[in-house]
Amino acid sequence: MKFTLGKNQKLKSRKAIAQLFIEGMSAKSFPIKMIYLPVDKEENLETKVAFSVPKRNFKPAVDRNRIKRLLREAYRLHQYEFFEGNHKTYNIMFIYMSNKMPDYVEVESTLKKVFLKFKSSLPTSES
């Protein structure tokens, strides 16, 4: 099992992101909000993710980039335990909503809470 987050796992399509915000469902554990949308296996072979930090909360780009780096690292290390036993693929967007700079431990624990809410919201036939 490789703990990587490659180019093929990043959500970059404007069309897919727009569809995610229109049709997607969300799970939230402050300060992280996860917006997700199941997609067909034929379209995507893997779950695709994107990370966002609003400019309204953090003006300097270095702060926004640091938070996105922390989110990506926490997701990268735990992605396999989050999706084990689930055979669907998703488009996912993580949004950091607080205005205070987090540390890695806080991001990791909150991301795990968000995924528990995500798993509990899935129908039992999918899990």
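- Per an unreviewed UniProt entry, the protein chain goes by the name Ribonuclease P protein component and belongs to Wenyingzhuangia gilva.
- What the UniProt record of the protein chain gives under Sequence similarities (unreviewed entry) is the line "Belongs to the RnpA family."
- Per UniProt, the comment on the protein chain under Catalytic activity (unreviewed entry) is "Endonucleolytic cleavage of RNA, removing 5'-extranucleotides from tRNA precursor."

## Overview of the environment of Glu81
Okay, so step 1: The topology assignment puts Glu81 in helix α2 (residues 61-83).
Okay, so step 2: Among residues more than four places away in sequence, those in contact with Glu81 are Lys112 and Lys119.
Okay, so step 3: Polar contacts involving the side chain of Glu81 include one to the side chain of His78, which spans 3.3 Å.

## Considerations on the packing of α2 against helix α3 (residues 104-121)
Okay, so step 1: Contact geometry of α2 with α3 gives a least axis separation of 10 Å together with a crossing angle of 40 degrees. Considering their axes alone, α2 and α3 lie oblique with respect to each other. When you trace α2 past α3, the crossing you get is right-handed. Side by side, α2 and α3 meet where Leu70, Leu71, Glu73, Ala74, Tyr75, Leu77, His78, Glu81, Phe82 and Phe83 of the first sit next to Tyr104, Val107, Glu108, Leu111, Lys112, Phe115, Phe118 and Lys119 of the second.
Okay, so step 2: In the contact of α2 with α3, the residues fall into twelve nonpolar, one polar and five charged.

## Quick notes on the packing of aromatic side chains
For any two aromatic rings, the description comes down to two numbers: the centre-to-centre distance and the angle of the planes.
Okay, so step 1: Counted according to the given criterion, the structure contains twelve aromatic pairs.
Okay, so step 2: With a centroid separation of 6.1 Å and 65 degrees between ring planes, the pair formed by Phe51 and Tyr75 is classed as edge-to-face. With Phe51 in strand β3 (residues 48-52) and Tyr75 in helix α2, this pair connects stretches of sequence that are 24 residues apart. Tyr75 shares its class with Phe51; the two are buried.
Okay, so step 3: Following the ring pairs from residue to residue traces out a cluster consisting of Tyr36, Phe51, Tyr75, Phe82, Tyr90, Phe94, Phe115 and Phe118.

What counts, and at which threshold
Residues numbered from 1 in each chain as written. Predicted model: local features only at pLDDT ≥ 70, side-chain atom pairs only at ≥ 80, totals over all residues. Heavy atoms only, no water. UniProt positions renumbered as here; feature names shortened; annotations may be inferred. Helix = DSSP H or I, 4+ residues; strand = E, 2+ residues; numbered from the N terminus. Contact = heavy atoms within 4.5 Å. Polar contact = N/O pair within 3.5 Å; in protein donor to acceptor, adjacent residues only side chain to side chain. Axes fitted to C-alpha atoms, helices over the stretch in contact; angles between N-to-C directions. Parallel < 35°, antiparallel > 145°, perpendicular 65-115°, else oblique. Left-handed = near helix turned anticlockwise from the far one by under 90°. Nonpolar A, V, L, I, M, F, W, Y, C, P; charged D, E, K, R; others polar. Phe/Tyr/Trp six-rings, centres within 6.5 Å; stacked < 30°, edge-to-face > 60°. Buried < 20%, exposed > 50% of the residue type's maximum accessible area, 1.4 Å probe, protein only.

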